[in-house]
There are 2 protein chains.
Amino acid sequence: MALIGFGTVGAGVAKILLEKQDDLAESTGLRFVLKHVVDTDVERKRPVALPAGVLHSDLERVINDGQVSIAVELVGGTTIAGEITQRLLAAGKDVVTANKALLSERGREIFATARQHGRCVAFEASCCGGMPVIGAIRTGLAANRVAAMYGIVNGTCNYILSEMSQQGKDYATALAEAQAAGFAEADPTLDVDGTDSAHKLAIMAMLAFGREVDFGAIPVEGIDGVDLEDIRYGQELGYAMKLLAIAEQGEGGLSLRVHPAFIRAEEPLSQVSGSFNAVSIFGDAVGHTSYYGRGAGMMPTASAVVADVIEVGRGNAGRSFAATRGLGVSGEQARLCPAAEVESRFYLRMLAVDRPGVFAQIGQVLGSHGISISACLQHESEREDWVPVVIMTHEACEGSVRSALAALTQLDVVKERPVCIHVMTPPGEEMQ
Amino acid sequence: MALIGFGTVGAGVAKILLEKQDDLAESTGLRFVLKHVVDTDVERKRPVALPAGVLHSDLERVINDGQVSIAVELVGGTTIAGEITQRLLAAGKDVVTANKALLSERGREIFATARQHGRCVAFEASCCGGMPVIGAIRTGLAANRVAAMYGIVNGTCNYILSEMSQQGKDYATALAEAQAAGFAEADPTLDVDGTDSAHKLAIMAMLAFGREVDFGAIPVEGIDGVDLEDIRYGQELGYAMKLLAIAEQGEGGLSLRVHPAFIRAEEPLSQVSGSFNAVSIFGDAVGHTSYYGRGAGMMPTASAVVADVIEVGRGNAGRSFAATRGLGVSGEQARLCPAAEVESRFYLRMLAVDRPGVFAQIGQVLGSHGISISACLQHESEREDWVPVVIMTHEACEGSVRSALAALTQLDVVKERPVCIHVMTPPGEEMQ
């Protein structure tokens with residue numbers, strides 16, 4: 001085996017492979033020998049001691065070492081990591097990777113190279129760290145047609161939203177604390193803007209729906225615009241706000257999107273707090289299943305990497321990879337549902353003039369766009385002029401809601417553009 | 001393929017194999033042909049139409065059909081089902097089964113026969129229906145040493161306890177309604193007395209700890225003795241009562257047990273209500289992971305059976321089975337921790353005389369047995385003589401608690417033997 005990239009996760013993988021070599025040999029019948037660990041930095045101290053001669057910076061030695069059959073790519077990024085992965089596959093090595101950006105943005109070429117050389121790419125660690133959701137989709141739920149799948153797949157965002165919901169902190173404070181606590185990077189952009197969640201969604205959707213997914217076509221909205229006020233109103237109405245990565249199979253095609261959404265307090269996902277991840281998957285046979293665990297961190301991610309190494313060693317990963325559609329087998333692109341056609345429930349909040357007849361005007365605009373109200377909330381306000389009005393809608397077409405919002409903004413009794421947040425409803429369980 | 005046993009789950013499996021044959025061929029590259037469905041009753045109407053000639057009652061035709069490579073055993077029970085499974089394996093067929101009783105009570109001989117003939121036994125469906133927990137333990141968490149695992153693995157009991165907790169119904173009423181709603185059998189004994197949960201625990205423990213488990217050695221307590229009063233006091237203290245199947249690796253060995261237990265309201269499992277199942281598994285690398293889904297029912301269980309059929313068809317199940325310890329490879333028995341040595345927190349409720357100094361007496365008895373109190377609860381009572389006193393202890397040795405209870409029962413200020421219920425505490429996350 002060879003390990004390319006000796007950062008936090010790399011150190012965790014080396015730790016497991018070295019410290020548990022006998023355990024693993026006993027429990028799997030396979031003995032994994034870590035022959036190379038390649039990193040540009042061979043000086044920095046890591047929390048694991050490698051045998052002499054294992055750590056070096058020369059990738060060529062791995063490429064040319066015929067004894068290396070499994071290579072773990074933990075370099076990260078989509079450029080150098082992509083070239084390295086291509087070369088490892090071309091050199092006849094199976095590749096285990098945790099690189100979600102690479103697979104979601106350049107998966108097609110990576111998978112094609114693997115097939116061309118009869119190798120496989122295993123990537124349990126690319127989504128939700130140690131939580132074995134990739135295996136669940138690919139193996140455990142293989143008999144199902146997936147109706148919907150949505151999850152909390154970014155621990156940083158969930159930590160921030162949990163702090164806002166539970167401690168009443170505002171976004172900036174919660175983010176600063178997440179950074180101080182090590183749950184957020186110094187530059188948290190890719191986490192808080194939803195990009196990281198979209199990377200994972202693209203990969204999970206490829207497997208769940210057996211089609212290639214154009215990562216660039218996924219609409220993404222992060223949590224950076226979330227207002228504590230809306231979290232509070234949501235709680236009052238019995239909902240929790242989470243950043244969700246969503247895949248829904250509908251009439252109009254497959255809807256893939258990432259955005260903050262309200263979920264009912266009774267749903268398992270609403271209870272997931274802190275840096276944990278959780279995904280709910282609805283299959284036509286199995287119904288509702290959920291998976292929960294640590295989505296990041298040295299040991300949880302290393303746990304998934306080594307699980308893949310074992311499956312590759314057994315030959316199982318190769319057999320599954322060869323047969324799995326969506327990973328360059330069918331070549332078919334998923335037919336994506338245009339955002340405007342997505343059916344969903346919505347939470348709307350607007351500042352309205354506190355005067356008789358105003359609510360009727362608002363309801364009339366919504367009604368004329370075919371949007372019906374399921375619940376609403378208006379508190380007595382200390383301010384005599386403008387009052388916040390919160391409305392929960394029934395299922396409505398996103399396009400109609402957008403134009404209704406534009407119309408509402410035109411009303412002189414409504415101040416500013418209303419806030420609009422999706423409300424998730426699990427697919428009916430009648431399918432069971 | 002052949003299907004032995006054409007009951008509810010059998011019909012679900014046939015439904016998926018027939019209606020999704022093309023889907024499965026497309027998504028897995030394998031085409032499964034259902035050639036035989038064997039059942040003693042070939043007349044009864046089932047919710048699926050089989051091609052002519054497929055349904056018959058002659059097992060011999062399957063045994064002697066060299067074209068049949070995968071047989072699904074859905075007969076149930078441990079006697080006839082055992083003989084059938086042995087014969088199918090001896091005839092060179094891989095066997096997929098949902099039979100938890102058979103594998104937990106006679107697994108050793110079944111697995112031995114499979115190995116002797118180079119076949120495999122796949123049993124995802126034997127534990128928690130469609131929730132892919134077997135695959136998670138065996139594959140997703142393969143790099144972990146499991147520290148603890150506990151779960152809600154019987155939907156009937158969870159439905160009853162949920163009704164008691166949420167609707168305030170007593171046990172008898174909740175059971176009657178569960179039977180009316182079809183969540184409980186006409187004879188619910190094996191569910192409510194914990195036997196069914198113990199069957200699943202034995203199987204999951206074999207995989208998680210890589211040792212053979214003596215099913216008969218698992219202490220089992222059901223929910224038939226649960227008192228609504230204790231559920232209410234537990235809720236007041238921030239706990240939910242669940243019937244848990246528990247496996248904990250400790251100094252004294254592996255503790256396997258099934259009993260009602262209180263879990264903190266913050267834990268994912270406490271939120272699992274109705275007939276759903278959920279299991280929390282704590283690995284040394286991955287930390288806390290949880291799995292949630294429907295533990296029974298026609299289609300959820302069929303979903304797991306077909307998932308296994310696919311893995312057997314790919315050859316993955318065989319390769320994993322051959323290497324998996326605990327399934328007759330090592331032959332080693334798990335070293336079980338004697339019940340008396342199990343460390344746990346406990347909930348105690350007793351009727352005590354409402355008189356000064358009584359609480360001191362009770363505390364003194366507990367203290368003298370090395371049991372310290374973490375919380376207690378005593379409401380003002382309308383009755384002037386006896387009052388219920390509820391005590392939550394810190395970690396204590398079960399043996400000491402039992403003798404403390406005996407001592408308390410001797411006190412003339414305590415009426416009757418106190419109620420004693422385990423309180424689960426998740427293993428410390430410092431391991432991560």
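Everything that follows concerns the structure shown earlier in this document.
> How should I be thinking about the relation of the copies chain B and chain A in this particular structure?
Between the two copies of the chain lies a rotation about an axis combined with a shift along it. Rotating chain B by 180° and translating it 0.0 Å along the rotation axis places it on chain A, where the RMSD comes to 0.0 Å. The operation mapping one copy onto its partner corresponds to a two-fold rotation axis. Taken together, the interface assignments show that 100% of the residues at the interface of chain B recur at the interface of chain A, consistent with an identical surface on both copies.

> Explanation requested: the sheet that holds strand β3 (residues 55–56) of chain A in the structure shown.
Pairing is parallel in the open sheet, where 6 strands are placed in the order β3-β2-β1-β4-β5-β6 (chain A). The strands lining the two open edges of the sheet, one partner per strand, are β3 and β6 (121–122) of chain A.

> What should I look at first to understand the environment of valine 38 of chain A in this one?
All names here are of chain A. In this structure, valine 38 sits in strand β2 (residues 36–38). Along the sequence, valine 38 and leucine 55 sit 17 residues apart, while their C-alpha atoms lie 5.9 Å from each other. Here valine 38 is in contact with Leu3, Ile4, Gly5, Phe6, His56, Ser57, Asp58, Leu59 and Val62, once residues within four sequence places are set aside.

> Could you clarify how one ought to interpret the pattern of salt bridges in this entry?
Two side chains carrying opposite charge are able to pair once their charged atoms lie near each other. All chains considered together, the criterion is met by 47 salt bridges over all chains. Note that aspartate 41 of chain B and arginine 44 of chain B form a salt bridge whose closest N and O atoms lie 3.1 Å from each other. A relative accessible area of 25% places aspartate 41 of chain B in the partly exposed class. Of the residues examined, arginine 44 of chain B reaches a relative accessible area of 44% and is grouped as partly exposed. The salt bridge involving glutamate 266 of chain B is made with arginine 264 of chain B; its shortest N-O contact spans 3.0 Å. Taking relative accessible area as the criterion, arginine 264 of chain B reaches 31% and is therefore assigned partly exposed. Beyond isolated ion pairs, a larger network of salt bridges with shared partners links Asp227, Glu229, Asp230 and Arg349 of chain A.

> Whenever I open this one, the side chain of aspartate 196 of chain B confuses me. Can you help?
Residues and elements named next belong to chain B. With respect to the secondary-structure elements, aspartate 196 resides in helix α10 (residues 195–209). Residue classification places aspartate 196 among the buried positions, given a relative accessible area of 11%. Separated by 2.7 Å, the side chains of aspartate 196 and lysine 200 make a polar contact. Look past the residues within four positions of aspartate 196 in its chain and what remains in contact with it is Lys100, Val153, Asn154, Leu190 and Asp191.

> Please clarify how the interface of chain B and chain A should be interpreted in this entry.
Many structure descriptions define interface size as the accessible area lost when the parts assemble. With 49 residues of chain B at the interface, the matching set in chain A holds 49 residues. Each partner contributes to the roughly 4100 Å² buried at the junction of chain B and chain A, and carbon and sulfur atoms together form 51% of this total. A per-residue breakdown of the area chain B buries against chain A is headed by Ala143, Tyr292 and Arg314 of chain B, which together make up 14% of the total. On inspection of chain B and its partner chain A, the count reaches 4 salt bridges. Among the ionic pairs, lysine 20 of chain B bridges to aspartate 284 of chain A, the shortest N-O distance being 2.7 Å. Viewed at the interface, chain A and chain B are joined by 15 residue pairs in polar contact (both at pLDDT 80 or more). Going through the elements one at a time, α2 (21–28), α6 (133–140), β11 (287–294), α12 (298–314) and α13 (316–323) of chain B are the ones with two or more residues in the side of chain B that touches chain A.

> Got a minute to help me understand the environment of alanine 114 of chain B in this structure?
All names here are of chain B. Residue position: alanine 114 is located in helix α5 (residues 100–116). As a C-alpha pair, alanine 114 and glutamine 86 span 28 residues in sequence and 7.9 Å in three-dimensional space. For alanine 114, the contacting residues outside a window of four places in its chain are Leu89, Arg119, Cys120, Val121 and Phe321.

> Teacher, can you tell me more about the packing of helix α14 (residues 358–368) of chain B against helix α15 (residues 398–410) of chain B here?
Relative placement of two packed helices is described by the angle separating their axes and the distance separating the axes. All names here are of chain B. Packing of α14 against α15 leaves a shortest axis separation of 9 Å and a crossing angle of 150°. Here α14 lies roughly antiparallel to α15, going by the angle between them. Relative to α15, α14 is oriented so that their crossing is right-handed. Packed against α14, whose contacting residues are Ile362, Val365 and Leu366, the element α15 presents Ala404, Ala407 and Leu408 at the interface. For the contact of α14 with α15, a count of residues per class yields 6 nonpolar, no polar and no charged.

> So what exactly am I meant to see when it comes to the packing of aromatic side chains here?
What characterises a pair of aromatic rings is the spacing of the ring centres plus the angle enclosed by the ring planes. Applying the stated criterion across every chain yields a total of 15 aromatic pairs over all chains. Between tyrosine 150 of chain B and phenylalanine 282 of chain B, the aromatic rings sit 5.6 Å apart at their centres with planes inclined by 35°, giving tilted as the arrangement. Of this pair, tyrosine 150 of chain B sits in strand β7 (residues 146–152) while phenylalanine 282 of chain B sits in strand β10 (residues 276–283), and the two are 132 residues apart along the sequence. In this structure an aromatic cluster arises from ring pairing among Phe111, Phe123 and Phe321 of chain A. Positioned above the aromatic ring of phenylalanine 321 of chain A is the side chain of arginine 115 of chain A, whose terminal nitrogen or guanidinium carbon lies 4.3 Å from the ring centre.

> Help me out: how do you make sense of the sheet that holds strand β6 (residues 121–122) of chain B in this one?
Backbone hydrogen bonds are what pair the strands of a sheet, in a parallel or an antiparallel way. All names here are of chain B. The strand order across the open sheet formed by 6 strands is β3-β2-β1-β4-β5-β6, and the pairing between neighbours is parallel. Every interior strand has two partners, whereas the edge strands, β3 (55–56) and β6, have only one. Inspection of the sheet shows strand β1 (residues 2–4) paired to strand β2 (residues 36–38) by 3 bridges, in the parallel sense. Bridge assignment links isoleucine 4 to a residue of β2, and that residue is valine 38.

> Mind showing me how you'd approach the state of the cysteines here?
Linking two cysteines covalently via their sulfur atoms produces the bond known as a disulfide. For the structure on display, the rule yields 0 disulfides over all chains. Between cysteine 128 of chain A, a free cysteine, and cysteine 127 of chain A, which holds the nearest cysteine sulfur, the sulfur-to-sulfur gap is 5.9 Å. The thiol of cysteine 376 of chain B is unpaired, and the distance to the nearest cysteine sulfur, on cysteine 420 of chain B, comes to 16 Å. Cysteine 376 of chain B sits in the partly exposed class, given a relative accessible area of 42%.

> I tried to follow unusual backbone geometry on my own but got confused; where do I start?
It is generally the case that most residues other than glycine have a negative phi and that most peptide bonds are trans. All names here are of chain A. Even without being a glycine, cysteine 128 presents a positive backbone phi close to 60°. The residue cysteine 128 is located in the loop between β6 and α6 (133–140) in this model. The buried category is assigned to cysteine 128, whose relative accessible area is 0%.

> Would you mind showing me how to read the pairing of strand β8 (residues 239–250) of chain A here?
Residue and element names in this part refer to chain A. Burial analysis of β8 places 10 of its 12 residues in the buried class, which makes it a mostly covered element. Looking at chain direction, strand β7 (residues 146–152) and β8 are connected through 4 bridges and run antiparallel. Considered in β8, the bridge of glycine 151 is made with alanine 245. Alignment of β8 against strand β9 (residues 253–264), held across 12 bridges, turns out to be antiparallel.

> Is there a simple way to explain the side chain of asparagine 99 of chain A in this structure?
Residue and element names in this part refer to chain A. Assignment of secondary structure puts asparagine 99 in the loop between β5 (94–97) and α5 (100–116). Judged by its relative accessible area of 6%, asparagine 99 falls in the buried class. A polar side-chain atom of asparagine 99 sits 2.8 Å from the main-chain amide nitrogen of leucine 102. Non-local contacts of asparagine 99, meaning those with residues more than four positions away in its chain, are made with Glu73, Gly76, Gly77, Ala81 and Ser126.

What counts as what
- Residues numbered from 1 in each chain as written.
- Chains lettered and ligands numbered in written order.
- Predicted model: local features only at pLDDT ≥ 70, side-chain atom pairs only at ≥ 80, totals over all residues.
- Heavy atoms only, no water.
- Least-squares fit on C-alpha atoms with pLDDT ≥ 70 in both.
- Contact = heavy atoms within 4.5 Å.
- Pairing = 2+ DSSP bridges.
- Helix = DSSP H or I, 4+ residues; strand = E, 2+ residues; numbered from the N terminus.
- Salt bridge = Lys/Arg side-chain N within 4 Å of Asp/Glu carboxyl O.
- Buried < 20%, exposed > 50% of the residue type's maximum accessible area, 1.4 Å probe, protein only.
- Polar contact = N/O pair within 3.5 Å; in protein donor to acceptor, adjacent residues only side chain to side chain.
- Buried area = accessible area lost by both parts, 1.4 Å probe.
- Axes fitted to C-alpha atoms, helices over the stretch in contact; angles between N-to-C directions.
- Parallel < 35°, antiparallel > 145°, perpendicular 65-115°, else oblique.
- Left-handed = near helix turned anticlockwise from the far one by under 90°.
- Nonpolar A, V, L, I, M, F, W, Y, C, P; charged D, E, K, R; others polar.
- Phe/Tyr/Trp six-rings, centres within 6.5 Å; stacked < 30°, edge-to-face > 60°.
- Lys NZ or Arg CZ within 6 Å of the ring centre and 35° of its normal.
- Disulfide = S-S within 2.5 Å.

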